[in-house]
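Single-letter residue listing:
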Amino acid sequence: MTVRVRFAPSPTGYLHIGGARTALYNYLYAKAVGGTFVLRVEDTDLERSKAEYEKLQIEDLKWFGITYDEGPDKPNPKYAPYRQSERWDIYMKYAKELVEKDLAYYDFCTDEELEAMKEKAASENRDPHYEGKWKNPEFKAEALKKIAAGEKAAIRFRAPKRDFTLNDKVKGKVVYPANMVGDFVIIRSNGLAVYNYCCVIDDWLMDITHVIRGEDHLSNTVRQLMIYEALGAKLPEFAHVSLLIGADRQKLSKRHGATSVNLYREENYLPEAMCNYLVQLGWSHPEEKDIFDKEEIQKIFTLDRFSPSPAMYDLEKLKWVNSQHIKKMASSEIIKLVEALPEAGYFKSQGPEWKSAATELFKQKVNFLSEIPKQINEMVLSEELEMNDQLKDILSWETTPKVIDYIDSQIQTITTPFITEAQMNGWMEHVKKELGVKGKPLFMGVRAALTGKDHGPDLKFLIPLTPVSVLKKRVAQLKK
RNA sequence: GCUCCCAUCGUCUAGCCCGGUCUAGGACAUCGCCUUUUCACGGCGGUAACAGGGGUUCGAAUCCCCUUGGGAGUACCA
């Protein structure tokens with residue numbers, strides 16, 4: 001039997017970081033065992049579900065490189081349709097069968113009655129477990145007659161009064177005591193099915209073998225276990241992955257800042273880095289590696305390396321992971337990506353040699369791709385000197401004026417658009433040997449003269465990338 | 001309230017299932033030093049954790065119980 005897993009998002013917003021992580025785990029597992037990854041859209045909440053969100057979420061998934069084998073736009077006739085909103089009749093059909101078998105019953109209870117029941121239960125300090133009076137066969141006949149006459153009613157599942165046990169891949173053995181839940185609604189009085197029920201019907205009918213999802217579903221799983229049993233369906237394996245939490249240890253949500261995947265896309269995070277980080281949040285590499293890519297993980301991914309405790313979503317480490325992936329990446333790849341950036345005007349206008357030299361230099365120093373053109377604009381292009389305390393300090397050294405004078409005299413003789421690394425080294429040699437300036441005054445003096453800054457990348461690489469016209473202007477400003 | 005889940009450095013985690021090799025390992029962050037200056041990179045090193053209490057055992061981070069703390073669920077939401 002081949003493995004079939006699914007990711008089942010609700011299209012009620014952008015793809016969430018947590019959702020992406022769950023999708024990733026499913027995807028990785030499918031890849032690891034040669035299974036099928038299904039995308040199912042859980043849009044039973046008509047109020048909040050929007051078709052455009054479905055599209056957006058799929059785009060986000062694509063950005064991650066998460067592709068699915070089956071889904072709304074890639075249907076397998078055996079299992080289609082893949083949107084729950086297109087499966088109402090299926091849910092109803094099985095619900096009626098459950099009623100036939102007395103495993104469920106019609107409930108004509110009104111909202112007011114329900115409310116009263118809940119209040120009463122609360123006042124008696126117990127759970128408002130619903131137990132309808134329609135258990136009685138007479139009531140059943142009566143109910144069926146009313147339904148036939150067109151009366152609206154919900155269908156409630158009759159919860160067996162006994163323990164249920166789940167052997168979860170992450171949590172281990174979980175025992176749900178009897179009476180944990182009362183009879184619960186599976187079909188609303190408007191005829192539409194409810195999550196805990198559709199989910200089971202779909203997983204069953206779609207032959208899902210492994211349900212990998214967030215821990216927030218763990219408590220609800222008892223309801224699903226009951227339905228599987230009533231249906232006579234084979235239970236899939238369950239893996240309830242711990243939740244992502246924010247800095248306040250609460251479940252990660254919008255108020256924790258950037259929790260939508262599209263935000264990271266816009267910020268030009270590397271999808272590979274994002275995957276790397278997300279996978280690592282709750283799952284550990286068997287060799288304790290921190291940096292890895294999807295191709296590597298999908299070969300070795302297993303369900304037994306999940307951490308059972310929640311993981312805090314921490315931008316600092318993500319930043320570092322991103323920087324590591326930038327360093328790993330071929331410069332040719334980076335060039336393509338950088339050129340697509342809005343700040344990359346100057347970068348784009350340069351020749352291939354300049355681009356690759358600049359990329360080699362700056363990719364070592366940034367956490368984000370967008371910092372490459374930003375740094376270039378600042379370090380290479382800016383003509384304006386910013387007179388800060390550090391710079392003033394350097395200028396006050398007694399060796400600095402003669403360094404500047406020398407650099408000025410040299411730069412005047414240059415007629416090429418750029419100087420070479422050899423020329424740069426020659427200047428350094430001269431200042432060191434002939435002017436007798438070495439160590440900190442040497443490097444800081446030359447740096448100040450040519451960049452007007454007290455920090456930046458190695459001079460011998462930086463200066464050959466800087467237009468001579470810019471260098472001249474900087475030196476001229478310092479001469480004044 | 002009730003039910004379930006969770007508990008190793010500030011953070012992500014290894015180790016836990018199959019007790020001794022753990023004076024608890026790695027990574028991020030942080031601090032210090034080194035590298036022809038600075039930021040960064042790299043290298044080296046430091047600070048830093050088994051929530052508390054009981055058991056079981058010759059021996060417990062590892063097994064059991066309790067407490068505490070955190071999380072989730074408790075809907076005709078998903």
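Since the structure is predicted, the reported quantities are computational estimates derived from the model, not experimental observations.

Considerations on the domain arrangement of chain A
Interface size is often expressed as the accessible area that is lost when the parts come together. Looking at chain A, the domain boundaries give domain 1 (1-70 + 242-328), domain 2 (329-376) and domain 3 (382-479). In this structure, domain 1 and domain 2 have C-alpha centres spaced 27 Å apart. Opposite the 11 residues of domain 1 that make contact, domain 2 presents 12 residues. Taking both partners together, domain 1 and domain 2 bury about 1000 Å²; carbon and sulfur atoms supply 59% of that area. If you sort the residues of domain 1 by the area they bury against domain 2, Asn 268, Ile 326 and Lys 327 come out on top, with a joint share of 53%. On inspection of domain 1 and its partner domain 2, the count reaches zero salt bridges. Linking domain 1 with domain 2 are four residue pairs in polar contact (both at pLDDT 80 or more). Along the lines of polarity and charge, the residues of the side of domain 1 that touches domain 2 split into three nonpolar, four polar and four charged.

Some thoughts on the side chain of Glu 54
For Glu 54, the position within the fold is in helix H2 (residues 51-64). Owing to a relative accessible area of 12%, Glu 54 belongs among the buried residues under this scheme. The residues touching Glu 54, leaving out its near neighbours within four places in the chain, are Pro 11, Val 41, Pro 72 and Arg 83.

Digging into the confidence of the model for chain A
The predicted structure's coordinates, where accompanied by low pLDDT, should not be read in detail. Across chain A, pLDDT averages 89, with 95% of residues at or above 70. Interface scoring of the predicted complex returns ipTM 0.93; its pTM is 0.92.

As for the nonpolar core
Formed by 69 residues in total, the largest nonpolar core has its most connected members in Ile 17, Met 274, Leu 278, Phe 301 and Tyr 313. For this core, the leading source of residues is helix H1 (residues 17-33), giving nine residues. What Tyr 313 contacts, discounting residues up to four positions off in sequence, is Ile 17, Ile 245, Leu 252, Ala 258, Tyr 264, Met 274, Tyr 277, Leu 278, Leu 281 and Leu 318. Counting residues in each nonpolar core, the second largest holds 44 residues, with Tyr 94, Val 99, Ile 186 and Leu 218 among its members.

Focus: the pattern of salt bridges
A complete count under the given rule lists 25 salt bridges for this structure. Close ionic contact of Asp 203 with Arg 40 constitutes a salt bridge, the shortest N to O distance being 2.8 Å. Of this pair, Asp 203 sits in helix H6 (residues 195-205) while Arg 40 sits in the loop between strand E2 (36-39) and H2, and the two are 163 residues apart along the sequence. With respect to burial, Asp 203 and Arg 40 carry one shared label: buried. The closest approach of N and O atoms between Asp 60 and Arg 265, which form a salt bridge, is 2.8 Å. Of this pair, Asp 60 sits in helix H2 while Arg 265 sits in helix H8 (residues 261-266), placing them 205 residues apart in sequence. Given the relative accessible area of 1%, Asp 60 is considered buried.

Re unusual backbone geometry
For the bond running from Ala 80 to Pro 81, omega is 0°, close enough to zero to count as cis. Position of Pro 81 among the secondary structure elements: in the loop between H2 and helix H3 (88-100).

Looking at helix H14 (residues 352-362)
Within H14 the residues assigned to the buried category are Trp 354, Lys 355, Ala 358, Thr 359, Leu 361 and Phe 362. Across the axial projection of H14, the buried residues extend over an arc of 165°, all falling on one side. In H14, the exposed positions that point more than 90 degrees away from the buried face belong to Pro 352 and Glu 353. Looking at the packing, one finds that the buried side of H14 touches helix H12 (331-339), helix H13 (345-349), helix H15 (371-381) and helix H20 (459-462).

What about the environment of Arg 87?
Secondary-structure assignment places Arg 87 in the loop between H2 and H3. Residue classification places Arg 87 among the buried positions, given a relative accessible area of 2%. Measuring from C-alpha to C-alpha, the distance between Arg 87 and Leu 192 comes to 9.6 Å, with 105 residues separating the pair along the chain. The contact partners of Arg 87, leaving out residues within four places of it in the chain, are Tyr 79, Ala 80, Pro 81, Asp 202, Leu 205 and Met 206.

Section: the side chain of Ser 323
When you line up the elements, Ser 323 lands in helix H11 (residues 315-328). Separated by 2.7 Å, the side chain of Ser 323 and the backbone oxygen of Trp 320 make a polar contact. Filtering out sequence-adjacent residues up to four positions away, Ser 323 remains in contact with Val 366 and Asn 367.

Examining the packing of helix H17 (residues 400-412) against helix H18 (residues 421-433)
Remark: H17 packs on H18, axes separated minimally by 11 Å, with the N-to-C direction vectors making an angle of 145°. Classified by chirality, the crossing of H18 by H17 is right-handed. Across the interface between the two elements, Val 403, Tyr 406, Ile 407, Gln 410 and Ile 411 of H17 pack against Trp 427, His 430 and Val 431 of H18. Of the residues belonging to the contact of H17 with H18, the class tally is six nonpolar, two polar and no charged.

Considering the environment of Leu 465
Following the sequence through the fold, Leu 465 ends up in the loop between H20 and helix H21 (468-479). The residues contacting Leu 465, other than those within four sequence positions of it, are Trp 354, Ala 357, Ala 358, Leu 361, Val 380 and Phe 418.

Examining the sheet that holds strand E7 (residues 184-187)
Overall, antiparallel pairing links the three strands, which are arranged E3-E4-E7 in an open sheet. If you trace the sheet from one side to the other, it starts and ends with strand E3 (104-107) and E7, each paired once. When strand polarity is set aside, the average angle formed by the axes of neighbouring strands in this sheet is 45°. Where strand E4 (residues 154-157) and E7 come together, three bridges link them in antiparallel fashion. In the sheet register, Phe 157 faces E7, and the bridge partner there is Phe 184.

Thresholds applied
Residues numbered from 1 in each chain as written. Chains lettered and ligands numbered in written order. Predicted model: local features only at pLDDT ≥ 70, side-chain atom pairs only at ≥ 80, totals over all residues. Heavy atoms only, no water. Domains from an automatic or database assignment. Contact = heavy atoms within 4.5 Å. Buried area = accessible area lost by both parts, 1.4 Å probe. Salt bridge = Lys/Arg side-chain N within 4 Å of Asp/Glu carboxyl O. Polar contact = N/O pair within 3.5 Å; in protein donor to acceptor, adjacent residues only side chain to side chain. Nonpolar A, V, L, I, M, F, W, Y, C, P; charged D, E, K, R; others polar. Helix = DSSP H or I, 4+ residues; strand = E, 2+ residues; numbered from the N terminus. Buried < 20%, exposed > 50% of the residue type's maximum accessible area, 1.4 Å probe, protein only. pLDDT = per-residue confidence, 0-100. Core = buried A, V, L, I, M, F, W, Y, C linked by side-chain atoms within 4.5 Å. Arc of directions from axis to C-beta. Axes fitted to C-alpha atoms, helices over the stretch in contact; angles between N-to-C directions. Left-handed = near helix turned anticlockwise from the far one by under 90°. Pairing = 2+ DSSP bridges.

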